[in-house]
Amino acid sequence: MNKTILITGATSGFGKAIATRFAKDGDDLIITGRREELLMELSAELRKKYKVEVLSLCFDVRVKEEVEFAISSLPDEWKDIDILVNNAGLAVGMNPIQEGVIDDWEKMIDTNVKGLLYMTRFVSPLMVERKKGHIINIGSIAGKEVYPMGNVYCGSKFAVDAITKGTRIDLVTHNIKVTQVAPGAADTEFSLVRFKGDKKRADGVYKGFKPLLAEDVAEVVFYVTTLPPHVSIHDVVVMPTAQASAVNFYKV
Ligand code: NDP
Ligand code: 8X3
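The present account deals with the structure reproduced in this document. (Residues numbered from 1 in each chain as written. Chains lettered and ligands numbered in written order. Predicted model: local features only at pLDDT ≥ 70, side-chain atom pairs only at ≥ 80, totals over all residues. Heavy atoms only, no water.)

1. Looking at the pairing of strand β7 (residues 235-238)
Only one face of β7 is covered, namely the face carrying V236 and V238; the face carrying D235 and V237 is uncovered. With four bridges joining them, strand β6 (residues 176-183) and β7 adopt parallel strand pairing. Residue pairing across strands places V181 opposite V236, the latter belonging to β7. (Buried < 20%, exposed > 50% of the residue type's maximum accessible area, 1.4 Å probe, protein only. Helix = DSSP H or I, 4+ residues; strand = E, 2+ residues; numbered from the N terminus. Pairing = 2+ DSSP bridges.)

2. What to know about the nonpolar core
Across soluble globular proteins, nonpolar side chains show a tendency to be buried alongside one another. The biggest cluster of nonpolar side chains holds 33 residues, and the ones touching the most others in it are I18, L29, L46 and V221. Residue assignment for this core shows that the elements contributing at least two residues are β1 (4-7), α1 (13-24), β2 (28-33), α2 (36-50), β4 (83-86), β5 (133-138), α8 (214-224) and β7. Tallying contributions element by element places α8 first for this core, with seven residues. When near neighbours in sequence (up to four residues on either side) are disregarded, V221 contacts I18, F22, V85, I136, I138 and V181. Counting 22 residues, the second-largest nonpolar core is a separate cluster that includes L6, F59, A70 and L84. (Core = buried A, V, L, I, M, F, W, Y, C linked by side-chain atoms within 4.5 Å. Contact = heavy atoms within 4.5 Å.)

3. Side note on the site of ligand 2
The immediate surroundings of ligand 2 are formed by S140, I141, A142, Y147, Y153, F190 and R194. In this structure, Y147 approaches ligand 2 through a side-chain N or O atom, which is 2.5 Å from an oxygen atom. When ligand 2 sits alone it has 240 Å² of accessible area, and the protein chains cover 83% of it. The site holding ligand 2 turns out to be the largest pocket. Taken together, the residues of the shell around ligand 2 break down into five nonpolar, one polar and one charged. (Near = heavy atom within 4 Å. Polar contact = N/O pair within 3.5 Å; in protein donor to acceptor, adjacent residues only side chain to side chain. Areas by Shrake-Rupley, 256 points an atom, 1.4 Å probe, with all protein chains shown as cover. 1 Å grid on protein atoms, 1.4 Å probe; cavity = no way out; pocket = protein on both sides within 12 Å on 5 of 7 lines; lining within 4 Å. Sits in = over half its atoms within 2 Å of the grid points. Nonpolar A, V, L, I, M, F, W, Y, C, P; charged D, E, K, R; others polar.)

4. Details of the environment of V160
Position of V160 among the secondary structure elements: in helix α5 (residues 151-171). Looking at V160, the relative accessible area reads 1%, which means it is buried. Sequence-wise, V160 and S245 are 85 residues apart; in three dimensions their C-alpha atoms are separated by 19 Å. The contact partners of V160, leaving out residues within four places of it in the chain, are N112, L116, N137, I138, G139 and Q180.

5. Re the layout of surface pockets
To locate leftover empty space, one rolls a probe as large as a water molecule over the atoms. Roughly 1100 Å³ of volume is contained in the largest pocket. Lining the largest pocket are 47 residues, with G89, L90, Y153, T188 and F190 sitting closest to its centre. Looking at the lining of the largest pocket element by element, the count peaks at four residues for helix α6 (residues 190-194). Within the lining of the largest pocket, the residues separate by chemical class into 22 nonpolar, 17 polar and eight charged. Of the volumes computed, that of the second largest pocket is approximately 560 Å³. The wall of the second largest pocket is formed by 23 residues, among which G133, H134, N175, K177 and P229 lie closest to the centre. Elements supplying a minimum of two residues to the lining of the second largest pocket: β5, α5 and β6. Each residue belonging to the lining of the second largest pocket can be placed in one class, and the counts come to nine nonpolar, eight polar and six charged. (Points joined across faces, edges and corners; volume = space filled by probe spheres on them.)

6. Some details on the pattern of salt bridges
Taken as a whole and judged by the stated rule, the model has 16 salt bridges. Measuring nitrogen to oxygen at the nearest pair gives 3.4 Å for the salt bridge that ties R130 to D82. Separated by 48 residues along the polypeptide, R130 in helix α4 (residues 102-130) and D82 in the loop between α3 (64-72) and β4 bring together distant segments of the chain. Taking the relative accessible area as the measure of exposure, D82 reaches 14% and is therefore buried. Of the charged contacts in the structure, one is a salt bridge between K165 and D161, with a shortest N-O distance of 3.0 Å. Separated by four residues within a single helix, K165 and D161 lie in helix α5, roughly one turn from each other. A relative accessible area of 43% places K165 in the partly exposed class. Residue classification places D161 among the buried positions, given a relative accessible area of 11%. Connected through shared salt-bridge partners, D80, D82, R130 and K132 make up one network. (Salt bridge = Lys/Arg side-chain N within 4 Å of Asp/Glu carboxyl O.)

7. A closer look at unusual backbone geometry
Positive phi is not limited to glycine here, since K131 has a value of about 55 degrees. Summarising the element assignment, K131 is placed in the loop between α4 and β5. For K131, a relative accessible area of 44% corresponds to the partly exposed category. The phi angle at N175 is positive, at roughly 65 degrees, despite the residue not being glycine. Within the secondary structure, N175 sits in the loop between α5 and β6. Owing to a relative accessible area of 48%, N175 belongs among the partly exposed residues under this scheme.

Take a look at the structure:
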């Protein structure tokens, strides 16, 4: 039976690939992001190619009122969300802590931590009411290991790791699965955003080894939703074969 999947940050990278993967399975999608034109393009493409229903919602996950409005005003036929993928997130800047740009810190914490919390806060009651659901949080290897100048981004992803565990504990009695998928280096718009549009620097991150593609991560996210109701995957770390830890790469 087709499911309803809500994916935040579906305008690029993992979110777009995850939306496409579930559409291929025939599922209906609620896709979100701030770039309305990209949401429109993706909606049209998925509807045409996979004949699925797509609702696109343009809002900023950092703004509590926007998140609350988006979820509380969902049409009735879209309220039965089976899977929430908290994917929207970013790194901004890469400085030693003593030279950190406070505005960059706020963007990361507000998006990666508070945005994920707002989404969970407003969507999880709908799942509790139905006594079913699956929340998938996109963490990172940066939420498992701290690396030089990763300070606040790593902190935000360690928070995702902890919040995922806490969410699972609180929702266990409501029959809701909670999973973290924590990828290593993946070639998306991530580094372009982190380095504020410096494409040369962003491309340099992926030189000399084969990074993950967004589709690889989407396949893992899809897989964790395919298991029987009594089986729950708590945590998956998915890395490029050439990456052994946050900072150890085999580059040629
Ligand atoms: P992208 O930059 O390609 O995608 C990020 C997505 O998040 C975009 O769709 C963007 O949409 C959305 N987004 C960012 N800020 C907001 C906001 N305030 N409100 C709503 N949506 C927002 O990067 P990735 O696909 O790589 O990143 C997805 C997730 O994966 C992030 O949480 C990231 O931290 C994590 N991650 C990435 C890794 C990598 O190496 N690429 C590895 C491990 C984890 P829009 O701009 O339209 O708002
Ligand atoms: C993104 C991966 O290792 O660049 O979360 O922080 S990393």
